[in-house]
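# Architecture and fold: a report
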Amino acid sequence: MKEKVWMLNGNWDIWGNIEKYQNGYNPVPIDTNGCPRLGISPIRFSDGPRGVVMGHSTCFPVSMARGASFDPELEQRIGAVIGKEARAQGANYFGGVCINLLRHPAWGRSQETYGEDPFLLGEMGAALTKGVQSHNVIACVKHYAVNNIENSRFWVNVKADERTMHEVYLPHFKKSIDAGAASVMGAYNLFNGDHCCESRWLLTDVLRDDWGFEGFVISDFVAGVRETKKAIESGLDIEMPMPIHYQRNLLAAVEEGRVAEAAVDTAVLRILRTLLVFENTPEALAYTPDLVASKEHTDLAREVAEKSMVLIKNANAVLPFQKPVKRILLAGELGNRNNTGDVGSSNTSSPYVVPPLEGLRSYFGADAEIVYCTESELDTAAAEAAQADCVIIVVGNDKYDEGEYISAEPNADFSFDEAVIKGTENMGLSTARFGETFPGIGDAKGGDRQSLSLKPAQIELIKRVGGVNPKTVVVLIGGGTIMTKEWEADVPAILYGWYSGMEGGNALARVLFGDVNPSGKLPFTVPQDVSHLPYFSNTDAEITYDLYHGYSYLDKHGYVPAYPFGFGLSYTAWAYGEPVLTQQADRVEVTVELRNVGSVAGAEVVQVYVGLQQSAVDRQKKLLKGFKKVYLEPGQSAAVTIPVALDELRYFSNEQRQWVFEAGTYTFAVGSSSAEADQQVKTIVLGQAIYQSSSNWGA
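Residues numbered from 1 in each chain as written. Predicted model: local features only at pLDDT ≥ 70, side-chain atom pairs only at ≥ 80, totals over all residues. Heavy atoms only, no water.

### Here we look at empty space enclosed by the protein
- Under the criterion given, the structure shown has two cavities of 30 Å³ or more.
- Approximately 150 Å³ is the volume found for the largest cavity.
- Counting residues per element, the ones that place at least two in the lining of the largest cavity are strand 14 (472–477) and helix 17 (504–512).
- Grouping the constituent residues of the lining of the largest cavity by class yields eleven nonpolar, eight polar and one charged.
- One number sums up the size of the second largest cavity: a volume of about 60 Å³.
- Together, Leu102, Arg103, His104, Pro105, Glu116, Thr481, Phe524, Thr525, Leu533, Gly550 and Leu554 line the second largest cavity.
- Here the lining of the second largest cavity is composed, by residue class, of five nonpolar, four polar and two charged. (1 Å grid on protein atoms, 1.4 Å probe; cavity = no way out; pocket = protein on both sides within 12 Å on 5 of 7 lines; lining within 4 Å. Points joined across faces, edges and corners; volume = space filled by probe spheres on them. Helix = DSSP H or I, 4+ residues; strand = E, 2+ residues; numbered from the N terminus. Nonpolar A, V, L, I, M, F, W, Y, C, P; charged D, E, K, R; others polar.)

Have a look at this one:
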């Protein structure tokens, strides 16, 4: 029994290997125990999702940026690189398929997910899963579930009914499970009164009984488990990264009859079954150290950054800047900062980072002078702007503004410090206080955002410099929504540059000067005012979620967004033909001709939103149900067909506790964003195979 119980926890000996952990919490794999006597391998964990956090791996743009690419095929390629680099550094498990929904842009870890829409999250999460597991690395989807607030994540109780969960907060998890994800990580927060790692409804009723999941579930680190018996009996297989409530406590519970031995056997079986599959699948290649941050992988990091940037304003076609140029003003402290995202568990220590200043200097060499000014040099910046051929203002956020939040200070519910001490004592190891060993913990680690606007000094920089030179762009750095209304009238062009990874500076130069045509689309809605967002608090002990957030919330309340979900401009122009709807047995196929009518090659994301007229139940006006990214040369056209599964059109009935397909008139809106002005609308009566046309949204 002891061997079996010992398989169900990590053995993170942070004190015994203190020299390894001074520059990161996961520089080498975090192992479970396995069973050496029987030759059973440990689970060897590496975090994400910017890349493999171990060693000096390739650092990709954050997930939110990749969500903006709307390109699952590209995301699958990223997953394959992550799988290779994990294997090359001794890991067999990647805990970085982060698909929590962006319910509110103040969420501090928004950068780690793909956006606000469940369909987009599901497509991207499934793609990353497939890529990672193509190299026999177990993909873990997290944080299951309703983990959408950072500072209160250890103790907030999220309440939601079954319909809200199945339609909004769980479908992307199911899609990743259906794609083969072999592991799930439970979340810290409570759901309907139970900690997620101890929720039988989440871990057994839904995950296993409803979805048929056969893999294993691990806890979120340190604080995921609170009660030994409740966790193991609810379906939590492994406590990570150390045994605070498992190992000795679990063994005692079994020996004393408080936990049935069968519960341990079931957990062990899930682990063994998963390991046997992955360890007996033929290898795709030899995983040698030279794969890590190889040129092929860093080139992909640049490609991803280029395909993720979103152009949201381009008055007078100021972009791309026309060459040749001799003098460029780069303004803003973030223009010369290695700023790839937060410094929590997702931090990836790549061998180098190219900030915007270095990227511009590398791009132009001796052909142009790059003048650099910060927010503290306003007079100089304004004078230089008048003399420059073009102006690039780089502003936004960094690790101090948003990211994972861990505090060594105890609260009434939980002390991170005491939990780590308990875990190391449980393993029979020497202990020390986490906060004393890592004195910076909790400092400069962002947490939830206090403001969705730029900092006052950044706004002042834009206002002083933005109107001086007609060839000016503001580049926004960050992992989520940044409000623009205070200053957007002062500049002709705005580009979301994101936390763009190790090659971000090189990618930015190529986008701004026309080597790359931007093709990203906003993976969230930018509202006109923060009052147009759902309620958010990181101090309330409890919060209730419903069906509405993001663009569906704005639709419900009649708010017009500043920039809609799915919006993004291009250096070329696109023409859409009239959509055609074809009903098949299990889907509706939407076909539309797309033509590049401009003079530049590029990519467009064709999007399909669906709503039901006169539904018998409360429903969102429209929801994304299909998209496809299409690359075309100037003058080229393509017939784009996007299937929409009928299963995607169902609603979940709380009364019947099952999915229901409602016959009726469905509205299919096809276009370049979620805004009605960017869409062509067709209706179809499903259930009767009668087609109708409509030029607007029905009642």
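### Concerning the pattern of salt bridges
- Taken as a whole, this structure holds 46 salt bridges when the rule is applied.
- Arg657 is the partner of Glu162 in a salt bridge, and the nearest nitrogen-oxygen pair spans 2.7 Å. Residue Glu162 is located in helix 5 (residues 162–169), and its partner Arg657 is located in the loop between strand 23 (651–653) and strand 24 (658–660); the two are separated by 495 residues in the primary sequence.
- One salt bridge in this structure joins Lys521 and Glu604, with 3.1 Å as the shortest N-O distance. One end of the pair, Lys521, is in the loop between helix 17 and strand 16 (542–544); the other, Glu604, is in strand 20 (residues 602–612), with 83 residues separating them in the sequence. Take Lys521 and Glu604: they sit in the same class, and that class is buried.
- The structure contains a network of salt bridges with shared partners spanning Arg109, Glu112, Glu150, Arg153 and Glu404. (Salt bridge = Lys/Arg side-chain N within 4 Å of Asp/Glu carboxyl O. Buried < 20%, exposed > 50% of the residue type's maximum accessible area, 1.4 Å probe, protein only.)

### Section: the environment of Leu236
- Among the structural elements, Leu236 can be located in the loop between helix 8 (228–234) and helix 9 (248–255).
- In this structure Leu236 comes out as buried when scored by relative accessible area, which is 0%.
- Taking C-alpha positions, Leu236 is 39 Å from Glu503, a pair spaced 267 residues apart along the chain.

### With respect to the sheet that holds strand 7 (residues 190–191)
- Overall, mixed pairing links the four strands, which are arranged 8-7-5-16 in an open sheet. The sheet is open, and its two borders are formed by strand 8 (194–195) and strand 16, each paired with just one other strand.
- As paired strands, strand 5 (residues 157–159) and strand 7 are joined by two bridges and run parallel to one another. Bridging across to strand 7, Asn157 finds its partner in Leu190. (Pairing = 2+ DSSP bridges.)

### What about the side chain of Thr228?
- Summarising the element assignment, Thr228 is placed in helix 8.
- Among the polar contacts listed, one links the side chain of Thr228 to the backbone oxygen of His245, at a separation of 2.5 Å.
- Non-local contacts of Thr228, meaning those with residues more than four positions away in its chain, are made with His245, Tyr246, Asn249 and Leu250. (Polar contact = N/O pair within 3.5 Å; in protein donor to acceptor, adjacent residues only side chain to side chain. Contact = heavy atoms within 4.5 Å.)

### Let's talk about unusual backbone geometry
- A cis amide bond links Tyr144 with the next residue in sequence, Ala145, at an omega value of 10 degrees.
- Positionally, Ala145 belongs in the loop between strand 4 (138–144) and strand 5.
- With an omega of 5 degrees, the peptide bond between Lys323 and Pro324 qualifies as cis.
- Position of Pro324 among the secondary structure elements: in the loop between strand 10 (310–314) and strand 11 (327–331).
- The backbone of Gln247 shows a phi angle near 50 degrees, a positive value even though the residue is not glycine.
- With respect to the element layout, Gln247 can be found in the loop between helix 8 and helix 9.
- For Gln247, a relative accessible area of 4% puts it in the buried group.
- The backbone of Ala293 shows a phi angle near 55 degrees, a positive value even though the residue is not glycine.
- Tracing the chain through its elements places Ala293 in the loop between helix 10 (261–279) and helix 11 (295–308).

### Focus on the confidence of the model for the protein chain
- Model confidence for the protein chain is summarised by a mean pLDDT of 94, while 94% of its residues fall at 70 or above.
- This model gives residues 688–699 a pLDDT under 50, and the stretch forms 30 contacts once residues within four places in sequence are excluded. (pLDDT = per-residue confidence, 0-100.)

### Quick notes on the environment of Gly423
- Residue placement: Gly423 occurs in helix 14 (residues 416–426).
- Residues Gly423 and Val588, 165 residues apart in the sequence, show an inter-C-alpha distance of 53 Å.
- Residues in contact with Gly423, not counting those within four places in the same chain, are Met242, Pro243 and Ile244.

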